[in-house]
Amino acid sequence: MDIIFYNPLSKNGDSNNSISKLLKVLGKNETEVAIHSILEVDDIEAFLKTIDKEDKLIFVGGDGTMHRLANKIYGLTIPNRMFIFGAGTGNDFIRSLKSKEKLIEITGVFDKLPYTIIDGKKERFINGTGIGIDGLICYKVNTSTEAKNSWNYFKNTLRAFKESKKIKEAKINIDGKDIIQKKVWLCATMNSQYLGGGMKLAPKARRTDKDLYLVVIKRVPKWLLVLILPSVYIGLHKLLLGLVKIFKVTESVKIEFSGDNYLQMDGEVEFPVSKIEVYTWED
């Protein structure tokens, strides 16, 4: 049996269309199908005990769906094969898997994940987490009434920079070493390359590696933003040495901003946040 989990909030709420497309793909196999909303399954461990080991688990959604799933199943032993069918807006998780298949296997992908600690709360993430203007951008995208796509991310990035009047100082500790970064727009800790619907923010990051990459963007005049943004999509912003700093993180990074900020984690937003701790996965 193919057991489909969908997120009714994904893809602007157009989950029925996504499921219809998936069923056409699965129709070739003529397999029995069961469909569930992922929001209605509070205890996924108990649910898994009710199904056969041969059943395939298929998740329909994007980064937000995968973020919730990863935190629900982390540490569980799941004998079933797992797959994802893209139906999100940013789809940075799928983009990082480098697969051309419509139905992508993700069995074991969530076995080792980095995590954050915010106000004592521990949470796993799959793509990256950022504190600063990227959180504000995600907030604007999530609350936008326009179609949520790469163009929407680009427009809301411009709007966020235009509205922001004050950039801040960040106290950063990377693997025990303290540094101060002034006039910072964002500090994003990346587990994979992509953020914001295809921005190649951390070109060297790989989710199969334990190391993380901290990307700090600072001292960017607003007039220069239009020139810098296209470079982020292809990963050339790393050449802007005075404006972009990329640090390799082997164990942990702790960030404290001078004032409250928006925080995003795989596109999910929290506010207000001024401190965050990020750790690589446990061995």
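These numbers come from a predicted model, not from an experiment. (Residues numbered from 1 in each chain as written. Predicted model: local features only at pLDDT ≥ 70, side-chain atom pairs only at ≥ 80, totals over all residues. Heavy atoms only, no water.)

Student: Break down the overall build of the protein chain for me, citing the residues and quoting the values.
Tutor: What the protein chain contains, in helices and strands, is seven helices and 16 strands. Taking all 283 residues of the protein chain together, 53% fall into the buried category. For the protein chain, the accessible area works out to roughly 13,900 Å², and carbon and sulfur atoms hold 50% of it. (Helix = DSSP H or I, 4+ residues; strand = E, 2+ residues; numbered from the N terminus. Buried < 20%, exposed > 50% of the residue type's maximum accessible area, 1.4 Å probe, protein only. Areas by Shrake-Rupley, 256 points an atom, 1.4 Å probe, with all protein chains shown as cover.)

Student: Can you tell me about the sheet that holds strand β5 (residues 103–105), naming the residues and giving the values?
Tutor: With mixed pairing, the five strands of this open sheet are ordered in space as β2-β1-β3-β4-β5. Looking at strand neighbours, the two that pair on one side only are β2 (33–37) and β5, the edges of this open sheet. Averaged over all pairs of adjacent strands, the angle between strand axes in this sheet comes to 25°, irrespective of strand direction. Where strand β3 (residues 56–61) lies against strand β4 (residues 82–86), five bridges are found, and the strand directions are parallel. The residue bridging Leu57 from the neighbouring strand is Met82, located in β4. Its contacts with the sheet put helix α3 (residues 63–73) on β3 and β4, and the angle it makes with β3 is roughly 140°. (Pairing = 2+ DSSP bridges. Axes fitted to C-alpha atoms, helices over the stretch in contact; angles between N-to-C directions. Contact = heavy atoms within 4.5 Å.)

Student: Could you give me a rundown of the packing of aromatic side chains, with the residues and numbers involved?
Tutor: Here the distance between the centres and the angle between the planes together describe a pair of aromatic rings. What the rule picks out here adds up to six aromatic pairs. Here Phe5 and Phe47 contribute two aromatic rings whose centre-to-centre distance is 5.3 Å and whose plane-to-plane angle is 75°, an arrangement assigned as edge-to-face. Of this pair, Phe5 sits in strand β1 (residues 2–6) while Phe47 is found in helix α2 (residues 44–48), placing the two residues 42 residues apart along the sequence. Residues Phe93 and Phe110 carry aromatic rings whose centres are separated by 5.6 Å and whose planes lie at 35° to one another, so their mutual orientation is tilted. One end of the pair, Phe93, is in helix α4 (residues 92–97); the other, Phe110, is in the loop between β5 and β6 (115–118), with 17 residues separating them in the sequence. For the pair Phe93 and Phe110, a shared accessibility class is recorded, and that class is buried. What links up through ring pairs into an aromatic cluster is the set Phe5, Phe47 and Phe59. The ring of Tyr115 has Lys122 lying over it, and the distance from NZ or CZ to the ring centre is 4.3 Å. (Phe/Tyr/Trp six-rings, centres within 6.5 Å; stacked < 30°, edge-to-face > 60°. Lys NZ or Arg CZ within 6 Å of the ring centre and 35° of its normal.)

Student: Could you give an account of the side chain of His67, with specific residues and numbers?
Tutor: Take His67: it is sitting in helix α3. Residues contacting His67, with those up to four places away along its chain left out, are Glu123, Arg124, Phe125, Ile126, Met265, Asp266 and Glu268.

Student: How would you sum up the environment of Lys200? Please name residues and give values.
Tutor: Here Lys200 shows up in strand β12 (residues 199–200). A sequence separation of 108 residues divides Lys200 from Asp92, and the C-alpha atoms of the two residues are 9.5 Å apart.

Student: Tell me about the environment of Thr157, and name the residues and values.
Tutor: If you trace the backbone, Thr157 turns up in helix α6 (residues 150–163). Along the backbone, Thr157 and Gly196 are 39 residues apart, and their C-alpha atoms lie at a distance of 9.3 Å.

Student: Before we move on, could you go through a nonpolar patch on the surface and cite the residues and values that matter?
Tutor: A contiguous nonpolar patch, built from Leu23, Val33 and Ile35 and spanning about 210 Å² of accessible area, is present on the exposed surface. Tracing the sequence through the fold places Ile35 in strand β2. Take Ile35: its relative accessible area is 40%, and that puts it in the partly exposed class. (Patch = residues over 30% accessible without salt bridge, like charges linked within 9 Å, V, L, I, M, F, W, Y side chains within 5 Å. Salt bridge = Lys/Arg side-chain N within 4 Å of Asp/Glu carboxyl O.)

Student: Tell me about the pairing of strand β8 (residues 128–132), and name the residues and values.
Tutor: The side chains of a regular strand alternate, first on one face of the sheet and then on the other. Buried residues dominate β8, accounting for five of its five residues. Across five bridges, the pairing between β8 and strand β10 (residues 177–190) is antiparallel. Bridge assignment links Ile131 to a residue of β10, and that residue is Cys187. Here β8 runs beside strand β15 (residues 252–265); their pairing, made up of three bridges, is antiparallel. Bridge pairing links Ile131 to Leu263 in β15.

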